[in-house]
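Inside the fold
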Amino acid sequence: MNKISKRLELIASFIPDNSKVIDIGCDHGLLDIYLYQNKKNISIIASDINEQALNNAKKNISDNRLNEHIDLRLGNGLDVVEANEIDTIIMSGLGSYTIVGILKKNINKLNNVDNIVIQSNTKLYFLRKEITKLKYYILDEEMIYDKGIYYTIIKFKKGKKKYNRKELYFGPILLKNKGKVFEEYNKRELERLSLVLKMLPKNKIIDRIKTKYMISLYNKI
């Protein structure tokens, strides 16, 4: 059995048995190998827009003798699948604008998609806001610290819920659970923002207002 990072292991834990998965931006394919080895009755499409990345995945999949079990496809986002082929989407390591763009470009392919599992390190407020607009709600989310980096993994489920600005920014489940890693990260962010405010010139009025607002949000957690 292949050993994978804590980040990938957490992503895998959000994927149920009996899923029809596409892993967009599969990179080295290690997540897909792990999913096949640890989930029951799962079908996996591993895709990447980068041919070299897909070749790396192909080698790893071949080394594990899983060529007949993991379907490799070269292409952009959901362009490589038909709507009835998948019910679960994984996108990890991509920017939020890219992720939302992929989903909106192929919105007709989301009809049968019950689960969307995302790991992005950018613009999580934007990500949560835009994906919930597509009639998904946040079923689960968790933050981990792996190899010197904080990662947030979010699982969206088909359905509708309303969220306020604070929930969209910090995550409704993260706010509810208030885990150790979440609290550590927010403490660091508050310290960073406070330092930024001290260093901002007085004439940067808009930047100072924005930074003060963010500090007030962190202080209310």
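Residues numbered from 1 in each chain as written. Predicted model: local features only at pLDDT ≥ 70, side-chain atom pairs only at ≥ 80, totals over all residues. Heavy atoms only, no water.

**Section: the pattern of salt bridges**
According to the stated counting rule, one finds 8 salt bridges in the structure shown. A salt bridge links Lys105 to Asp79; the shortest N-O distance between them is 2.9 Å. Of this pair, Lys105 sits in helix α4 (residues 96-105) while Asp79 sits in the loop between β3 (70-74) and β4 (88-92); the two residues are 26 residues apart in sequence, bridging distant segments of the chain. For Arg128, the salt bridge identified is with Glu141, shortest N-O distance 3.2 Å. Of this pair, Arg128 sits in helix α5 (residues 124-133) while Glu141 sits in strand β6 (residues 136-146), and the two are 13 residues apart along the sequence. Arg128 gets classed as buried once you look at its relative accessible area, which sits at 1%. When its relative accessible area of 2% is taken as the criterion, Glu141 is described as buried. Salt bridges here are not isolated pairs; linked through shared partners, they connect Asp71, Arg73 and Glu85. (Salt bridge = Lys/Arg side-chain N within 4 Å of Asp/Glu carboxyl O. Helix = DSSP H or I, 4+ residues; strand = E, 2+ residues; numbered from the N terminus. Buried < 20%, exposed > 50% of the residue type's maximum accessible area, 1.4 Å probe, protein only.)

**Quick look at the packing of aromatic side chains**
Under the definition given, this model contains 7 aromatic pairs. The interplanar angle of 90° and the centroid separation of 5.0 Å between the aromatic rings of Phe170 and Tyr218 together place this pair among those described as edge-to-face. Linking Phe170 in helix α6 (residues 165-170) with Tyr218 in helix α9 (residues 205-219), this pair joins segments that are 48 residues apart in sequence. There is no split in this pair, since Phe170 and Tyr218 are both buried. In this structure an aromatic cluster arises from ring pairing among Tyr125, Tyr169, Phe170 and Tyr218. Here Arg165 stacks its cationic end above the ring of Tyr125, 4.9 Å away from the centre of that ring. (Phe/Tyr/Trp six-rings, centres within 6.5 Å; stacked < 30°, edge-to-face > 60°. Lys NZ or Arg CZ within 6 Å of the ring centre and 35° of its normal.)

**Describing the environment of Ser120**
Inspection of the secondary structure puts Ser120 in the loop between β5 (115-119) and α5. You can call Ser120 buried: its relative accessible area is 1%. Here the alpha-carbon distance between Ser120 and Thr98, two residues 22 residues apart in the chain, equals 10.0 Å. Those residues in contact with Ser120, other than ones at most four positions away along the chain, are Leu94, Gly95, Ser96, Ile99 and Thr152. (Contact = heavy atoms within 4.5 Å.)

**So, a positive patch on the surface**
On the surface, a cluster of positive charge is made up of Lys135, Lys158, Lys160 and Lys162. Mapping Lys160 onto the fold places it in the loop between β7 (149-158) and α6. (Patch = residues over 30% accessible without salt bridge, like charges linked within 9 Å, V, L, I, M, F, W, Y side chains within 5 Å. Areas by Shrake-Rupley, 256 points an atom, 1.4 Å probe, with all protein chains shown as cover. Lys, Arg positive; Asp, Glu negative; His and termini not counted. Charge placed at Lys NZ, Arg CZ, Asp CG, Glu CD.)

**What about the sheet that holds β6?**
Read from one edge to the other, the open sheet built from 7 strands follows the order β3-β2-β1-β4-β5-β7-β6, with strand pairing classed as mixed. Each having just a single partner strand, β3 and β6 make up the two edges of the open sheet. Across the sheet, the mean angle separating the axes of adjacent strands is 15° when strand polarity is ignored. Strand direction decides the pairing type here: β5 and β7, joined by 5 bridges, are antiparallel. Among the inter-strand pairings, Gln119 is bridged to a residue of β7, identified as Ile153. Docked against the sheet, helix α2 (residues 30-38) engages β1 (20-24), β2 (43-48), β3 and β4, running at close to 180° with respect to β2. (Pairing = 2+ DSSP bridges. Axes fitted to C-alpha atoms, helices over the stretch in contact; angles between N-to-C directions.)

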